[in-house]
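Below, each chain spelled out in residue letters.
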Amino acid sequence: MNAQAILRSLQEGSISLDEAKQKLREFSRQEQRLAEERASTEDVRQLPHDPIPESIWMHKEMPATEPKQEHEFFSQPFAPKRDSYEGREETAHLKRDSDAIAIIGMSGQFPQANTLEQFWSNLAEGCDCISEVPADRWDMSFYDADPKTPGKSYSKWMGVLEEADQFDPHFFNLSPAEAELMDPQQRLFLEHCWRSLEDAGIAPSSLAGSRCGVFAGCSVNDYDHLMGDDGMSAYGLVGRSIAILPARISYFLNLKGPCLAIDTSCSASLVAIAEACNSLKLGDSDLALAGGVCVLTNPAMHIMTSKAGMLSPDGRCFTFDNRANGFVPGEGVGVIVLKRLADAVRDEDLIYGVIRGWGMNQDGRTNGITAPSGQSQSELERDVYERFGINPESITMVETHGTGTKLGDPIEVEALTAAFQTYTNKKGYCALGSVKSNIGHLLTAAGAAGVIKVLLSMQHKLLPPTIHFEALNDHITLSESPFYVNTQLQAWNTAASMPRRAAVSSFGFSGTNAHLVIEEYVASAQEIENSAQTLSSQVAPSRVADNFLSACASYGVVKHVPDAAGAIHAKNSSSIGPYLFPLSAPDVDGLHRYAHTLQQWISNKGYINPETITSLAYTLQTGRELMKERVVIIAAHVSDLLLGLGSYINHETSPYVITKWSVSDTHVTAAINDQGSMLLRSMPSHEFEHLMAVVNTWVNGGIVPWCELYANTPFSPVRLRLPSYPLKKERYWVRAASTMGAPTQQAPAQASAHLARTDARAYVYELLTRHSLGVQSKQSVHSWDEDVPFIQLGLDSLVAIHIQNTIMKDFGLEVTMVQLMDGLNTRELIQLLEGVHSQPVRNRNEAGVANHSGEAEQRQWLDVERHGSRIDQVKQSEHRVRGQQEQKEDEAVWMEL
């Protein structure tokens, strides 16, 4: 009986765990003896080392009754035969490069880690990020230590996402009212898609109309249960839909690639990443955002998994440990940006790592629909290694599913062992880990968390520990396997010239499995040669400047660029600069937050060399979004930049800081010209005039073609991974849970009581503010133009429906869709509500249900005395309104759905 048969018998229940363990040990000893016998008759040292041609590592299955030949090779049926090993190697290498997918950006938020820097710190330090469920999420009434208590959970622990309720709706052109009725998973995924693009140095709006795909691992949570009657609305309809979750970023940025919500339970986010790779390989996408998100809004998941006996009563994931007794639920979000490797190299993208292989399969029938299948897991892993020509000996880290369950962990390790031992006899060289021991099981975001952990480990060249490990699970045998459990932070070393390589696994309780192999990115010899040639260029500084100034002249833009050798060695720092550092934000407060974030980041990094400051300026110029409020810092050195940022943050006048206000102030401009002579002493006066012209253009809302300005220079600066725009953090959560049931119309007596204590103007202003229709919370009532129609303030049918329902609930008054969509404004709505307040209750109720068949009834909300000209316009279009009223109402209701 081979390993697969033993595992199959264990899953079918025909043998016990102890029996399976004994049989696996006997099988391992038998395999070792056979391997030693074969070693005496064949020179295994002639086997090629990684990178291994795909055809070399195709494994030929032998009947179970015969001894398995460890190294039987044959060419793929679809590949031409080669006369030499060199030919096969070249073909396989080209195929691997054509399949490879680059990871060029990422963003995530995890328990006790709002940034990836904090996430890595927690991993490296071995932090336990599990805590009790906070009272503001749900109370402890759901908890009972007795697992038999109906409707209760015996676990009160969770990996909590502390800022799951925080959001900046205005940044994404969403109203506060809609944000409150959005599943927080939608908000988080939208936010981190944006952040991941910024991390990649891509201006998000530059993707408009492109084939950028979005692939989200997600599942329906119970946030809609908190909405009550408020959820029975248009906002509630889209706010709870997982189909809308990935579509939010596609809609916001006008992306045209595939957009998929994927729910395969625990493997969802890794499946989403694998599907994104497929889409890129097939050409359906040219760029892809992929990952997953999980937020738990009430104790339902805890209760259900408790009743299934899945949770750890200790509130810890004892992965691989003999104390393994279940998992701990967790929350998080992770998004990565993917691009074909050849495209990423061409575009000079920053690359975190390269996905060398990926695959998915399904368990099929097991001894239970939620039970894992070691056979399916092992088959998937071997399939990935064979299809993509990957030698498992080159994989020195495996981020396992590793939930900390007594049965699941042994099955996963045995499956990995069987898959690896198909190709290698090497022992104890590959570290096993599981991020779940730190942050819990993030369910639909678990795979994304594992991938980001691997990428951070590659970035720091360290293997973080798996915590809560003391004694190996009795049902796991590692002594004869390629694996060991890594329990301490250690250097991630590999053989000379070999890139670090890791595998990531996720196995859904639905039976859908996914497996990825990620490799550290190492520039090719040609890339290194080209880079060396660029850096050793002996082009004189004056020639570089002349080329750049020539390109700038046609745009009225001037900027000095140092030669490559000077950028590296900084022998003559006085000749370098000045540089333009443009920052923008939706509003002034946001711009100050952004300047402060950048100032802190530069101070912490301690960047001082000219090469870095050039790249910093280039990234801000080309890799960030253009927004309404703008400032430019002019600086020749990092110290100048920090001074300029400090002056702007403190509202101080400075020659380093240019805003639209300072440019328009002649006194300030004169001061800048005078003081600027020190900063720009190496720049001729005509060049300074050109520079000030382009700064003036940009800060006043113009567009500067930054990329084109580098076209005639002998080198192009690289992009940096700069901090993303600091979104405003405010709480958006359902205000109160109403009783679920059929929507009911507010009684006239209740409406009358509401009106008695409500000022109509204040009510309307709050209503508009909550729906982001022009009125800002700090804006004075007296400064607002009340005659601007709502339709000109961004009103769409979805917002109109919600306003209509809100007024009906609060006032018992029907404001029709025709009124809202055909010109109603602030003044008229205030007058309408004040008029309702003055009517007898019976007349008010009759007005709310009247059939608006004539002009007087259709336009009853008009103030005839003060809006006579508007009445004339209404009369001119009477036939249109009268003839199309019913059709228009239907279109208004359904146009967004």
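Given the structure is predicted, the values throughout are model-derived calculations rather than measurements.

1. A short note on the overall build of the chain
Phase 1: Counting its regular elements, the chain contains 34 helices and 20 strands.
Phase 2: Split into buried and exposed, the 897 residues of the chain put 56% on the buried side.
Phase 3: For the chain, the computed accessible surface area is about 37600 Å², with 52% contributed by carbon and sulfur atoms.

2. Things to note about the sheet that holds strand β15 (residues 501-507)
Phase 1: Taken in spatial order, the eleven strands line up as β6-β5-β7-β8-β1-β9-β16-β15-β10-β11-β13 in an open sheet, and their pairing is mixed. With partners counted over all chains shown, the strands left at the sheet margins are β6 (259-262) and β13 (483-485), one partner each. The average undirected angle you get between the axes of adjacent strands in this sheet is 25°.
Phase 2: Bridge count between strand β7 (residues 287-294) and strand β8 (residues 332-340): seven bridges; the pairing is antiparallel. What sits directly across from cysteine 294, in β8, is glycine 332.
Phase 3: Here helix α13 (residues 374-387) sits on the sheet in contact with β9 (353-362), β15 and β16 (512-520), set at roughly 140° to β9.

3. Some details on the sheet that holds strand β18 (residues 629-635)
Hydrogen bonds along the backbone pair up the strands of a sheet, which may run parallel or antiparallel.
Phase 1: Pairing in this open sheet of three strands is antiparallel, and the strands run β17-β18-β19 from one edge to the other. Bordering the open sheet on either side are β17 (579-585) and β19 (657-659), each of which pairs with just one other strand. Strand-to-strand twist in this sheet, taken as the mean axis angle between neighbours without regard to direction, amounts to 25°.
Phase 2: Examined bridge by bridge, β17 and β18 share seven bridges and lie antiparallel to one another. Counted as the bridge partner of alanine 585 is glutamate 629 from β18.
Phase 3: The strands that helix α22 (residues 638-649) touches are β17, β18 and β19; relative to β18, the one it contacts most, it runs at about 145°.

4. Points about the nonpolar core
Phase 1: In this structure, Phe119, Leu338, Ile355 and Tyr385 are the most contacted members of the largest nonpolar core, which totals 86 residues.
Phase 2: Residues contacting tyrosine 385, with those up to four places away along its chain left out, are Ile390, Pro392, Ile395, Ala419, Phe420, Tyr423, Ala503, His515 and Val517.
Phase 3: Counting 69 residues, the second-largest nonpolar core is a separate cluster that includes Phe171, Met182, Ala200 and Val354.

5. Comments concerning the pattern of salt bridges
Phase 1: If you walk through the whole model with that rule in mind, you get 32 salt bridges.
Phase 2: In this structure, arginine 719 and aspartate 349 form a salt bridge, with 2.8 Å as the shortest nitrogen-oxygen distance. Here arginine 719 is found in the loop between α25 (685-699) and β20 (730-731), whereas its partner aspartate 349 is found in the loop between α12 (341-346) and β9, with 370 residues between them in sequence. Accessibility classification places arginine 719 together with aspartate 349 in one group, the buried group.

6. What about the packing of helix α4 (residues 116-124) against helix α16 (residues 446-460)?
Phase 1: At a minimum axis separation of 11 Å, α4 and α16 run at an interaxial angle of 80°. With respect to their mutual orientation, α4 and α16 come out roughly perpendicular. Contacts from Leu116, Phe119, Trp120 and Leu123 of α4 reach α16 at Ala449, Ile452, Lys453, Leu456, Ser457 and His460.
Phase 2: When its residues are assigned to classes, the contact of α4 with α16 shows seven nonpolar, two polar and one charged.

7. Quick notes on the packing of aromatic side chains
Phase 1: Under the criterion given, the structure shown has 17 aromatic pairs.
Phase 2: Relative to tryptophan 194, the ring of phenylalanine 171 has its centre 5.0 Å away and its plane inclined at 90°; by these criteria the two rings are edge-to-face. Taken together, the positions of phenylalanine 171 in the loop between β4 (166-167) and α5 (176-180) and tryptophan 194 in helix α6 (residues 184-199) put the pair 23 residues apart, joining distant regions of the chain.
Phase 3: Classification of phenylalanine 171 as buried rests on a relative accessible area of 7%.
Phase 4: Since its relative accessible area comes to 3%, tryptophan 194 is described here as buried.
Phase 5: Feature note: the residues Phe167, Phe171, Phe172, Trp194, Phe252, Tyr594 and Tyr725 constitute an aromatic cluster, connected by ring pairs.
Phase 6: In this structure, lysine 426 packs its charged tip against the face of tyrosine 429, placed 5.0 Å from the ring centre.
Phase 7: Lying across the ring of tryptophan 698, arginine 630 places its NZ or CZ 4.8 Å from the centre.

8. Thoughts on unusual backbone geometry
Phase 1: At histidine 468, a residue that is not glycine, the phi angle is positive and equals roughly 60°.
Phase 2: Within the element layout of this structure, histidine 468 appears in the loop between β12 (462-463) and β13.

9. Some details on the environment of isoleucine 390
Phase 1: Within the secondary structure, isoleucine 390 sits in the loop between α13 and β10 (397-399).
Phase 2: Remark: the alpha-carbon pair of isoleucine 390 and valine 517, spanning 127 residues in sequence, is separated by 8.5 Å.
Phase 3: In contact with isoleucine 390, other than residues within four places in its own chain, are Arg356, Gly357, Val384, Tyr385, Ile395, Arg501 and Val517.

10. So, the environment of leucine 237
Phase 1: Topologically, leucine 237 is positioned in helix α8 (residues 234-239).
Phase 2: Relative accessible area serves as the criterion here: at 48%, leucine 237 is assigned to the partly exposed category.
Phase 3: Counting along the chain gives 13 residues from leucine 237 to aspartate 224, while the straight-line C-alpha distance between them is 9.3 Å.

11. A short note on helix α9 (residues 244-253)
Phase 1: Those residues of α9 not exposed but buried are Leu245, Pro246, Arg248, Ile249, Ser250 and Leu253.
Phase 2: Buried-residue contacts for α9 involve α5, α6, β5 (212-217), α8, β6 and β7.
Phase 3: Just downstream of α9, asparagine 254 is the residue with a positive phi angle, here 60°.

12. Notes on the confidence of the model for the chain
Phase 1: Here the chain shows a mean pLDDT of 78. Residues at 70 or above account for 70%.
Phase 2: Within the model, the stretch residues 737-757 combines pLDDT values under 50 with 35 contacts to residues more than four positions away or in other chains.
Phase 3: Across residues 777-782, confidence stays below pLDDT 50; counting only partners more than four residues off in sequence or on other chains, it has seven contacts.

13. What to know about the environment of valine 337
Phase 1: Here valine 337 lies in strand β8.
Phase 2: Residue valine 337 is classed as buried on the basis of its relative accessible area, which comes to 0%.
Phase 3: Each C-alpha atom, one on valine 337 and one on alanine 276, is 9.7 Å from the other, the two residues being 61 residues apart in sequence.
Phase 4: Residues within four places of valine 337 in sequence aside, it is in contact with Ala102, Ile103, Ile104, Gly105, Ser196, Leu197, Leu287, Ala288 and Leu289.

14. Notes on the pairing of β8
Put simply, side chains in a regular strand alternate between the two faces of the sheet.
Phase 1: Along β8, nine of the nine residues are buried, which leaves the element largely enclosed by surrounding structure.
Phase 2: Both faces of β8 are covered, namely the face carrying Gly332, Gly334, Ile336, Leu338 and Arg340 and the face carrying Val333, Val335, Val337 and Lys339.
Phase 3: Sheet topology places strand β1 (residues 101-109) next to β8; eight bridges connect them, and they run antiparallel. Considered in β8, the bridge of glycine 108 is made with glycine 334.

15. Details of the side chain of glutamate 331
Phase 1: Relative to the helices and strands, glutamate 331 is located in the loop between α11 (300-307) and β8.
Phase 2: A polar contact of 2.8 Å, which involves the side chain of glutamate 331, links it to the backbone nitrogen of leucine 296.
Phase 3: Leave out the neighbours within four places in its chain, and glutamate 331 touches Phe110, Pro111, Arg137, Met158, Gly159, Val160, Leu161, Cys294, Val295, Leu296 and Leu442.

16. Remarks on helix α14 (residues 408-421)
Phase 1: End to end, α14 covers 20 Å across 14 residues, agreeing with the expected 20 Å (1.5 Å per residue, within 8%).
Phase 2: Extensive coverage of α14 is indicated by the burial of twelve of its 14 residues.

What counts and what doesn't
- Sequence positions are assigned chain by chain, starting from 1 and proceeding in written order.
- At least 70 in pLDDT is required for a residue's local features to be given in this predicted model, at least 80 for side-chain atom pairs to be given and counted, and no such filter applies to totals for whole chains, interfaces and linings, which use all residues.
- Note: side-chain values were computed over all heavy atoms of the structure, leaving out hydrogens and water.
- We count a stretch as a helix when DSSP gives it H or I for four or more residues in a row; a strand needs E for two or more, and each element gets its number in order from the N terminus.
- For every residue, the accessible area (1.4 Å probe, protein chains only) is compared with the maximum for its type, and the residue is labelled buried under 20%, exposed over 50%, or partly exposed between those bounds.
- Note that accessible areas follow from Shrake-Rupley with a 1.4 Å probe, and for residues the cover is restricted to the protein chains shown.
- Should DSSP find at least two bridges between two strands, the strands are regarded as paired.
- To obtain an axis, a line is fitted to C-alpha atoms, over the contacting stretch when the element is a helix, and the angle between two such axes runs from 0 to 180 degrees between their N-to-C directions.
- Note on definitions: a residue-residue contact is assigned when non-hydrogen atoms from the two residues lie within 4.5 Å.
- Take the buried Ala, Val, Leu, Ile, Met, Phe, Trp, Tyr and Cys residues and link them wherever side-chain atoms come within 4.5 Å; each set so joined is a nonpolar core.
- Criterion for a salt bridge: a side-chain nitrogen of Lys or Arg within 4 Å of a carboxyl oxygen of Asp or Glu.
- Here the word oblique covers every angle except those under 35 degrees (roughly parallel), over 145 (roughly antiparallel) and from 65 to 115 (roughly perpendicular).
- Three classes are used: nonpolar for Ala, Val, Leu, Ile, Met, Phe, Trp, Tyr, Cys and Pro, charged for Asp, Glu, Lys and Arg, and polar for all others, with Gly counted as polar.
- Stacked, tilted and edge-to-face are the three classes assigned to paired rings of Phe, Tyr and Trp, where Trp is represented by its six-membered ring and a pair needs centres within 6.5 Å; plane angles under 30 degrees give stacked, over 60 edge-to-face, the rest tilted.
- Note on criteria: charge over ring means Lys NZ or Arg CZ within 6 Å of the ring centre, with the direction from the centre no more than 35 degrees off the ring normal.
- On a scale of 0 to 100, pLDDT captures the predictor's confidence in every residue.
- Two N or O atoms count as a polar contact when they lie within 3.5 Å, although within protein this holds only if one can serve as hydrogen donor and the other as acceptor, and sequence-adjacent residues are included solely when both atoms are side-chain atoms.
- Under the convention used throughout, the expected extent of a helix is 1.5 Å for every residue step, that is, one less than its residue count.

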